[in-house]
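A structural walkthrough
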Amino acid sequence: MATATAHHENSNYLNHEKGLWSWLTTLDHKRIGLLYFITVALFFLVGGIFALLIRTELYSVGETIMTAEQYARVMTYHGAVMVFLVIIPGIPAFLGNFFLPIQIGAKDVAFPRLNLLSWYCLLLGAGIALTSLFFGGADTGWTFYTPYSIKHSPAVICMALGVFVAGFSSILTGLNFVVTTHKLRAPGMTMNRIPLFVWALYSTAIIQVLATPVLGITVLLLAAENIFGIGFFDPALGGDPVLFQHFFWFYSHPAVYIMILPAFGVISELITTFARKTIFGYTAIAYSSLAIAAVSFFVWGHHMFVSGQSEFAGIVFSFLTMLVGVPTAIKLFNWMATLYKGSINLSAPMLYALGFMFLFTIGGVTGIFLATIATDVHFHDTYFVVAHFHYVMVGGTLMSIMGGIFYWFPKMFGRLCNDAWARVSFVFIFVGFNVTFFPQFVLGSLGMPRRYFDYLPEFQHLNRISTIGSYLIGIGFIVGLITIIHGLLKGEKSGPNPWGGKTLEWTTASPPPHENFLTTPVVTAGPYEYR
Amino acid sequence: MSTVKSSSTGHHHAHHYESADHEYQSSKQGVWLFLCTEILMFGGLFVGYAIFHHLFPETFKVGSKFTDVRYGATNTVVLLASSLSMALGIYYNQIRDKNKAVMALLFTLLCGVIFMVIKYLEYSHKIHLGLMPGDWYRGNAEELAQYVGGLEIPKNLPLYFSFYFMMTGLHGIHVLVGMGLITWVTIRTARGEFGPEYYTPVEGVGLFWHLVDLVWIYLFPLLYLVS
């Protein structure tokens with residue numbers, strides 16, 4: 001009897017079942033989250049190598065390590081892998097899958113089988129997309145703009161079908177999160193008590209469910225255009241290439257918020273835990289996520305200011321785009337107000353959160369420059385745009401993924417990462433990031449266009465700085481990876497709550513047991529009751 | 001995933017739900033959300049249709065003359081009947097009338113078969129005339145003009161058939177998937193797995209089938225009746 005009890009106490013989701021097969025067929029949301037972690041990390045490595053190749057080619061004027069054709073392909077795969085296989089599944093399917101059910105006191109997500117299926121959809125989609133390499137590779141950029149992408153190219157067909165299948169992964173995750181949030185909250189966990197990470201994931205899930213099908217039909221039509229020449233996007237039959245851009249951005253602009261909203265959620269958790277203070281403006285932060293999700297569906301035209309859409313449409317889209325700044329600023333100001341008079345602990349996760357706030361603000365404000373039609377005409381298709389969206393996606397989303405990993409690492413694995421090394425990784429990534437992308441704002445405003453493998457000689461100086469910065473980022477992620485692996489193997493044992501967090505995941509064991517809680521928690525207070 | 005046997009109903013529900021009803025309500029919400037994604041996916045095609053019909057009304061008018069309203073109308077009636085029998089299939093499962101439920105579901109399946117056979121006849125006819133989407137179009141303008149009573153054949157007529165085949169093709173795939181799902185719930189019904197306490201799969205498949213019907217209700221006027 002005593003041994004049975006002891007076994008029970010040590011039983012957690014990692015040793016609940018054993019063997020590779022138990023992982024590949026698992027229905028436990030925590031294990032599926034880790035499967036996503038491994039997958040996304042591998043794709044990030046691939047996309048990161050492409051990024052370094054791009055920067056290395058751009059180190060000097062002229063052809064250095066690759067031809068223009070090769071460059072176009074490397075750039076396409078960098079974009080497609082990073083967007084569809086890293087940043088979109090990154091936070092929701094990995095950290096979200098792991099922590100959304102625990103944070104609301106549920107035993108699992110609503111549909112565990114669909115959850116596992118979503119992971120296989122991602123793998124299958126990635127597999128189909130990467131077979132395009134056997135057809136010489138796609139060189140259209142990740143946006144597949146017509147008419148260039150409808151030249152009966154088998155590589156584009158593979159990419160399109162791969163994205164279509166991977167889209168199911170996103171839809172199933174989103175669908176699961178909406179139903180889980182509505183139906184599986186623990187007793188007492190009202191909608192006004194769910195953690196802000198859950199609010200952010202819920203808002204994201206709505207976008208995933210409503211926007212992804214439109215991408216689905218768009219890439220299906222793109223494939224049909226390549227196979228049958230259906231003519232929707234082909235002027236020869238009266239079709240319209242700009243219609244493709246409308247369809248594509250109707251998904252892909254909301255998708256930008258699929259990438260950033262979960263990051264906001266992570267930051268809300270980090271700021272309040274490491275300032276040891278009740279979050280300022282819980283309701284405002286929660287509803288601003290929903291507001292961003294809603295507005296995101298009405299701004300797609302700002303990608304097309306110079307495409308020939310009507311001037312009136314341009315003005316409306318410009319105005320609506322600036323509206324996004326309001327809920328975003330609400331979040332930033334509330335986080336700052338939370339920091340005010342907080343007992344701030346500058347552990348690695350908090351450093352990442354503060355780095356996020358700095359970089360995301362630059363990314364957000366330059367977004368307003370681009371939303372202004374007059375300035376956008378100058379900046380359009382220059383490195384200014386490249387710098388802007390990297391500040392948001394890398395400076396925003398990747399910083400928050402790293403912060404989230406170091407924050408929840410003790411909960412996921414029951415061990416602590418070496419905080420000093422985690423901070424070193426932050427310094428390299430943060431400094432390297434600014435060295436890489438800040439010069440690109442300058443290059444863009446000087447008129448250096450995107451997507452080319454070469455540039456005018458006068459741009460070489462700033463491009464060299466940018467390339468050196470990208471190597472610093474690479475070092476930072478390697479240090480981060482080593483810190484994580486070291487933590488997994490040799491890390492000190494952590495208790496259930498090493499950071500003094502107040503949300504439900506910190507009330508259960510580290511690592512959590514198979515069904516998350518030994519007894520279903522009953523919630524009697526809000527998520528961040530510090531003082 | 002283990003299941004928990006509820007003492008009150010005798011039905012098994014998944015371990016992370018409190019009760020069978022809790023699971024049922026959650027599943028139903030999931031199905032409805034999935035239907036939203038379906039509507040948005042078809043929405044892309046409907047938006048494209050609206051734009052190009054506005055730009056080239058003549059193309060759509062002439063194109064629709066090559067469809068046979070009798071076939072389209074028959075298929076509409078067939079699908080409406082199948083929606084009724086599907087609803088009855090759910091109802092008979094709810095009151096555990098196994099034989100009637102199986103009959104209703106088999107009738108629904110039969111309607112699906114009739115629909116696909118008629119679709120096959122229509123497709124063969126169009127392929128015979130060379131009326132294929134986009135690049136695969138092989139129509140001869142003079143022959144076709146006779147067919148529609150001497151109307152001028154618009155140059156971008158293939159665009160109409162791109163829409164015709166994309167829309168009915170995607171819909172046809174949904175009918176086939178629906179038939180597969182109906183077969184699955186029919187077998188489970190015949191095994192006596194459903195009753196008043198548990199009929200979630202039948203209801204979910206039913207909702208899907210109604211959506212497939214509903215899409216056709218829009219496709220019929222847009223593709224057959226616009227002339």
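Everything numeric here is computed off the predicted structure, so don't read it as measured data. (Residues numbered from 1 in each chain as written. Chains lettered and ligands numbered in written order. Predicted model: local features only at pLDDT ≥ 70, side-chain atom pairs only at ≥ 80, totals over all residues.)

So, on to the overall build of chain B. In terms of regular secondary structure, chain B is built from seven helices and two strands. Of the regular secondary structure in chain B, the N- to C-terminal order runs β-β-α-α-α-α-α-α-α. Projected onto its principal axes, the C-alpha coordinates of chain B cover approximately 75 × 30 × 25 Å. Out of the 227 residues in chain B, the part that is buried amounts to 39%. Here the analysis covers contacts within chain B between residues at least 6 apart in sequence; of these, 72% occur between residues at least 24 apart. (Helix = DSSP H or I, 4+ residues; strand = E, 2+ residues; numbered from the N terminus. Buried ≥ 20, exposed ≤ 12 C-beta atoms within 10 Å, placed from the backbone. Contact = placed C-beta atoms within 7 Å.)

The next point concerns the overall build of chain A. Helices and strands together make up the secondary structure of chain A, namely 15 helices and zero strands. Compactness check: chain A gives a C-alpha radius of gyration of 23 Å against a globular reference of 24 Å for 531 residues, within 12% of the reference. Considering only C-alpha atoms, chain A reaches an extent of 75 × 50 × 45 Å along its principal axes. The burial tally for chain A puts 57% of its 531 residues in the buried class. (Rg over C-alpha atoms; globule rule 2.2 N^0.38 Å.)

Often the size quoted for an interface is simply the accessible area lost on bringing the parts together. Contacts between the two partners involve 32 residues from chain A and, on the opposite side, 29 residues from chain B. No other element matches helix H7 (residues 196–228) of chain A, which puts nine residues into the side of chain A that touches chain B. Residues that form the side of chain A that touches chain B fall into these classes: 22 nonpolar, seven polar and three charged. (Nonpolar A, V, L, I, M, F, W, Y, C, P; charged D, E, K, R; others polar.)

With that out of the way, let us pick up helix H4 (residues 68–103) of chain A. Residues and elements named next belong to chain A. In this model, H4 (36 residues) spans 49 Å end to end at C-alpha, consistent with the 52 Å of a helix rising 1.5 Å per residue. The largest bend along H4 measures about 60° and falls at Gly 90, with the proline Pro 92 one to four residues further on. Counting buried positions along H4 gives 31 out of 36 residues, so the element sits mostly inside the fold. Immediately downstream of H4, the backbone of Gly 105 shows phi near 75°, a positive value. (Expected span 1.5 Å × (residues − 1). Bend = angle between axes of the 7 residues up to and from the residue.)

So, about the confidence of the model for chain B. Detailed reading of the predicted model is not advised wherever pLDDT is low. Residue and element names in this part refer to chain B. Overall, the predicted model of chain B reaches an average pLDDT of 92, with 95% of residues at or above 70. By mean pLDDT, the top-scoring element of chain B is helix H3 (residues 69–94) (97), and the lowest-scoring one is strand S1 (residues 3–5) (50). The complex model carries a pTM of 0.94, and its ipTM stands at 0.92. (pLDDT = per-residue confidence, 0-100.)

Residues and elements named next belong to chain A. In contact at an axis separation of 10 Å, helix H3 (residues 29–57) and helix H5 (residues 112–131) are set at 10° when each is read in the N-to-C sense. As the angle between them shows, H3 and H5 are arranged roughly parallel. Here His 29, Ile 32, Leu 35, Tyr 36 and Thr 39 of H3 come into contact with H5, specifically with Pro 112, Asn 115, Leu 116, Trp 119, Leu 122 and Leu 123. Of the residues belonging to the contact of H3 with H5, the class tally is eight nonpolar, three polar and no charged. (Axes fitted to C-alpha atoms, helices over the stretch in contact; angles between N-to-C directions. Parallel < 35°, antiparallel > 145°, perpendicular 65-115°, else oblique.)

This next bit is on unusual backbone geometry. Residues and elements named next belong to chain A. The peptide bond linking Thr 146 to Pro 147 adopts the cis configuration, its omega dihedral lying at 0°. Here Pro 147 lies in the loop between H5 and helix H6 (154–183). In this chain, Ser 510 is followed by Pro 511 through a cis amide linkage whose omega measures -10°. One can find Pro 511 in the segment after helix H15 (460–490). For Phe 144, which is not glycine, the phi dihedral falls at a positive 50°. Tracing the chain through its elements places Phe 144 in the loop between H5 and H6. Of note, Asp 381 is a non-glycine position whose phi angle comes to about 60°, a positive value. Note on placement: Asp 381 falls in the loop between helix H12 (373–379) and helix H13 (383–413). The exposure class of Asp 381 is partly exposed, given the 13 C-beta atoms found within 10 Å.

The next subject is the environment of A:Phe430. Residues and elements named next belong to chain A. As for its placement among the helices and strands, Phe 430 is situated in helix H14 (residues 419–446). Residue Phe 430 is classed as buried on the basis of its 22 C-beta neighbours within 10 Å. Spatially, the C-alpha atoms of Phe 430 and Gly 469 are 9.8 Å apart, while their sequence positions differ by 39 residues.

Our next topic: the packing of H4(A) against H7(A). Packed helix pairs are specified by the crossing angle of their axes together with the interaxial distance, meaning the distance between the axes. All names here are of chain A. Close contact between H4 and H7 brings their axes to 10 Å; oriented N to C, the two are set at 125°. For the element pair H4 / H7, the angle class is oblique. Crossing geometry of H4 relative to H7 is assigned as left-handed. Note on element contacts: H7 touches H4 through Phe 197, Val 198, Leu 201 and Thr 204, opposite Pro 92, Gly 96, Phe 99, Leu 100 and Gln 103. Class assignment for the residues of the contact of H4 with H7 results in six nonpolar, three polar and no charged. (Left-handed = near helix turned anticlockwise from the far one by under 90°.)

Let us now look at H6(A). Given a rise of 1.5 Å per residue, 30 residues ought to cover 44 Å, and the 44 Å separating the end C-alpha atoms of H6(A) matches this to within 8%. Of all 30 residues in H6(A), 27 are buried, a share of seventy percent or more.

Residue and element names in this part refer to chain A. Its place among the elements puts Ser 288 in helix H9 (residues 282–295). On a C-alpha basis, the gap between Ser 288 and Thr 212 in space is 21 Å, while along the polypeptide they are 76 residues apart. Dropping the residues within four chain positions of it, Ser 288 is found in contact with Pro 327, Ile 330 and Lys 331.

Turning next to the environment of A:Ala294. Residue and element names in this part refer to chain A. Among the structural elements, Ala 294 can be located in helix H9. Residue classification places Ala 294 among the partly exposed residues on the basis of 14 C-beta atoms within 10 Å. Along the sequence, Ala 294 and Pro 254 sit 40 residues apart, while their C-alpha atoms lie 8.9 Å from each other.

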